[in-house]
Amino acid sequence: MLRKSVKNSKEDLRPDVLVVGAGLFGLTIAERLTRILGKHVLLIDQRNHIGGNCASENDSITGIECHKYGAHLFHTSLEHVWQYVNQFTKFTNYVHKVYTTHDGVVYPLPINLGTINQFFQAAYTPDEAKVKIAGQAASAPEHPQNLAEQGISLIGQPLFDAFIKNYTAKQWQTPAEELSPDIIKRLPVRYNYDNRYFNDTYEGLPVNGYNAWFQNMISQCGKNLSVRLETDYFTDPEIQELRESGILTIYTGPIDRFYDYRFGELKWRSLDFKKEVLDVDDFQGCPVMNYADLEPKYTRIHEFKHFHPERHTGGYAPNSSKTVIVREYSKTWHRGDEPYYPVNTAEDRAMLTKYQALASDDTNIIFGGRLGEYAYYDMDKTIAAALAKFDEIQNRV
Ligand code: FAD
Ligand code: UDP
């Protein structure tokens, strides 16, 4: 158990580098600093576990691995990231597929020829479907400036209204006209029947689970790495001493919190997860079912046993008469809630620029990760950013 191995002596507190946050950014940079440069790193996290938002835990009744902070699917086209992560875990051949329920009917996602033909009760060929959607997208500007314009330009008004408009309203509770077009560019649109959710070259889930992956990263760092959990950068007295010593710090917490919100709070979306163990073998027949309409209020249901069919012979789960489902509800973030998705309006971006200007004067503090950079990073992009940051700073450590 990691927590037992955590040292609390004063000796811990004389590292070369302090890393705040044991999520993927913090773990990656700590691993590089210890293993490549032989530096002594102290890695802290305010939570009682490593892995940040990618952490998982086995449900106590069924033994099914559940992702603690929402379903996490690893996918990347970045060759160097794929090589990097494979040092610490093998991946299954899981391929993510998502379905959505609209007006009482289930459709495949992302929007593909199957979705289009089912929605229009048609049998369009790829070329016919392209012509149809192009006609329905004609009202969108050539250079979309926001999520609504981007969505309509990609799939036309009727499909946008059915599958994107209300889901996005539930998810962001911000007018689609104020949201970045990048949010929707994440989703592919295909004029064939391929319903893989991601386009990436590599995809899979860690064979022995997320925690084994992250624990292995820590183990490979050996004695150069000390880890302290349940340790808040801002309130822990020993960390306070270390801060005052001017130690080089990689900080992966929220950037506005670092500066005591002096320019205001960056806006986030938070989530509520409502978990249930059910006495059925298979609740929904797929890992993730989205709900495209304003009712029900949740955006999606995750059924975790479907992420690892290879773990269960002749059935699905260790206890195959039961299943675990988690309903995901989006909510406005208030201080004390977990920050999940950066809302990233023009006002947020202007505020971020001010915080970043302060950060550029703080030469001993390096900001990174989704909270430190206020960025909607997938796991592979987080790792890539941490590897790039390591390359940038290695000569000054
Ligand atoms: P985090 O994982 O948030 O780690 C930051 C850590 O810093 C946290 O553990 C926090 O406790 C700690 N910390 C903050 N402040 C302090 C402090 N003051 N003192 C001490 N510790 C502190 N990516 C994918 O590739 N595929 C997916 O399917 C996917 N699904 C996602 C689903 C959801 C709901 C969300 C929100 C994100 C998803 N992501 C996914 C993105 C993925 O979660 C991130 O890329 C990744 O977690 C970023 O790692 P990080 O280290 O930057 O941040
Ligand atoms: N989205 C949507 N309908 C869906 C799925 C996604 O409108 O059924 C939009 C929504 O705005 C969402 C964005 O596309 O925030 C990105 O979707 P993705 O599934 O990548 O979101 P994540 O898994 O990061 O929450």
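For the structure itself, consult the block above.
Quick caveat: nothing in here was measured; it's all calculated off a predicted structure. (Residues numbered from 1 in each chain as written. Chains lettered and ligands numbered in written order. Predicted model: local features only at pLDDT ≥ 70, side-chain atom pairs only at ≥ 80, totals over all residues. Heavy atoms only, no water.)

## A look at the site of ligand 1
So, point 1. Close to ligand 1 lie 32 residues, the nearest being D45, H72, L73, Y377 and M379.
So, point 2. L24 places a polar main-chain atom, nitrogen or oxygen, 3.1 Å from an oxygen atom of ligand 1.
So, point 3. For ligand 1, a nitrogen atom lies 3.1 Å from a polar atom in the backbone of Q46.
So, point 4. Considered on its own, ligand 1 offers 1000 Å² of accessible surface; in the complex 95% of this is hidden by protein.
So, point 5. Listed by contribution, the elements that provide at least two residues to the shell around ligand 1 are helix 2 (24-35), helix 12 (369-372) and helix 13 (379-393). (Near = heavy atom within 4 Å. Polar contact = N/O pair within 3.5 Å; in protein donor to acceptor, adjacent residues only side chain to side chain. Areas by Shrake-Rupley, 256 points an atom, 1.4 Å probe, with all protein chains shown as cover. Helix = DSSP H or I, 4+ residues; strand = E, 2+ residues; numbered from the N terminus.)

## Things to note about the environment of G135
So, point 1. Residue placement: G135 occurs in helix 5 (residues 126-136).
So, point 2. Between the C-alpha atom of G135 and that of L78, which follows or precedes it by 57 residues, the distance is 35 Å.

## A look at the pairing of strand 12 (residues 288-291)
So, point 1. Side chains V288 and N290 of strand 12 all project onto a buried face; the interleaved residues M289 and Y291 project onto the opposite face, where all are buried too.
So, point 2. Across 4 bridges, the pairing between strand 6 (residues 98-102) and strand 12 is parallel. Looking across to strand 12, one finds that V98 is bridged to V288. (Buried < 20%, exposed > 50% of the residue type's maximum accessible area, 1.4 Å probe, protein only. Pairing = 2+ DSSP bridges.)

## Regarding the site of ligand 2
So, point 1. Near ligand 2 lie 16 residues; those nearest to it are T168, W172, Y197, Y341 and Y376.
So, point 2. The separation between an oxygen atom of ligand 2 and a polar side-chain atom of R300 is 3.0 Å.
So, point 3. Between Y341 and ligand 2, the recorded distance is 2.5 Å, taken from a side-chain N or O atom to an oxygen atom.
So, point 4. About the coverage of ligand 2: the protein hides 93% of its 520 Å² of free accessible area.

## A few points about the nonpolar core
So, point 1. L18, F74, V85, W213, F214, Y233 and I383 are the most contacted members of the largest nonpolar core, which totals 110 residues.
So, point 2. By residue number, the principal contributor to this core is helix 6 (residues 147-172), which donates 10 residues.
So, point 3. Setting aside anything within four residues of it in sequence, one finds L18 in contact with L42, I44, Y233, I239, L242, I247, L248, T249 and I250.
So, point 4. Membership of the second largest hydrophobic core comes to 7 residues, among which are L278, Y291, Y298 and I301. (Core = buried A, V, L, I, M, F, W, Y, C linked by side-chain atoms within 4.5 Å. Contact = heavy atoms within 4.5 Å.)

## Section: helix 8 (residues 210-221)
So, point 1. Counted at 1.5 Å a residue, the expected span for helix 8 with its 12 residues is 16 Å, and the 18 Å between its end C-alpha atoms agrees.
So, point 2. All of the buried residues in helix 8 are Y210, W213, F214, M217, I218 and C221. Viewed end-on, helix 8 has its buried residues packed into an arc of 135°, placing them on one side of the element.
So, point 3. Positive backbone phi, at 65°, marks G222, one or two positions downstream of helix 8. (Expected span 1.5 Å × (residues − 1). Arc of directions from axis to C-beta.)

## A look at the side chain of E203
So, point 1. By secondary structure assignment, the location of E203 is in strand 8 (residues 202-204).
So, point 2. We classify E203 as buried; its relative accessible area is 12%.
So, point 3. A distance of 2.5 Å separates the side chain of E203 from the backbone nitrogen of H96, its partner in a polar contact.
So, point 4. Side-chain polar atoms of E203 contact the side chain of R196, separated by 2.9 Å.
So, point 5. The residues touching E203, leaving out its near neighbours within four places in the chain, are F74, H75, T92, Y94, V95, H96, R196 and F198.

## With respect to the state of the cysteines
So, point 1. Tallied over the entire structure, the rule returns 0 disulfides.
So, point 2. Unpaired in terms of disulfides, C54 finds its nearest cysteine sulfur in C66, a separation of 16 Å.
So, point 3. A residue is classified by how much of its surface remains accessible, and C66, at 6% relative accessible area, is buried. (Disulfide = S-S within 2.5 Å.)

## Digging into the pattern of salt bridges
Should their charged atoms come close, side chains of opposite charge can pair.
So, point 1. Counted according to the given criterion, the structure contains 24 salt bridges.
So, point 2. A salt bridge links R32 to E31; the shortest N-O distance between them is 2.7 Å. E31 carries the same exposure label as R32, and that label is buried.
So, point 3. Note that R186 is salt-bridged to D378, the shortest N-O span being 3.5 Å. Here R186 is found in the loop between helix 7 (182-185) and strand 8, whereas its partner D378 is found in the loop between helix 12 and helix 13, with 192 residues between them in sequence.
So, point 4. Each member of the salt-bridge network shares a partner with another, and the members are E31, R32 and R35. (Salt bridge = Lys/Arg side-chain N within 4 Å of Asp/Glu carboxyl O.)

## Some remarks on the sheet that holds strand 16 (residues 365-367)
So, point 1. Read across the open sheet, the 5 strands follow the order 9-2-1-10-16; overall the sheet is parallel. The sheet is open, and its two edges are formed by strand 9 (225-228) and strand 16, each paired on a single side. When strand polarity is set aside, the average angle formed by the axes of neighbouring strands in this sheet is 20°.
So, point 2. As judged from the 4 bridges shared by strand 1 (residues 17-20) and strand 2 (residues 41-44), these two strands associate in the parallel manner. The partner of V17 across the bridge, within strand 2, is V41. (Axes fitted to C-alpha atoms, helices over the stretch in contact; angles between N-to-C directions.)

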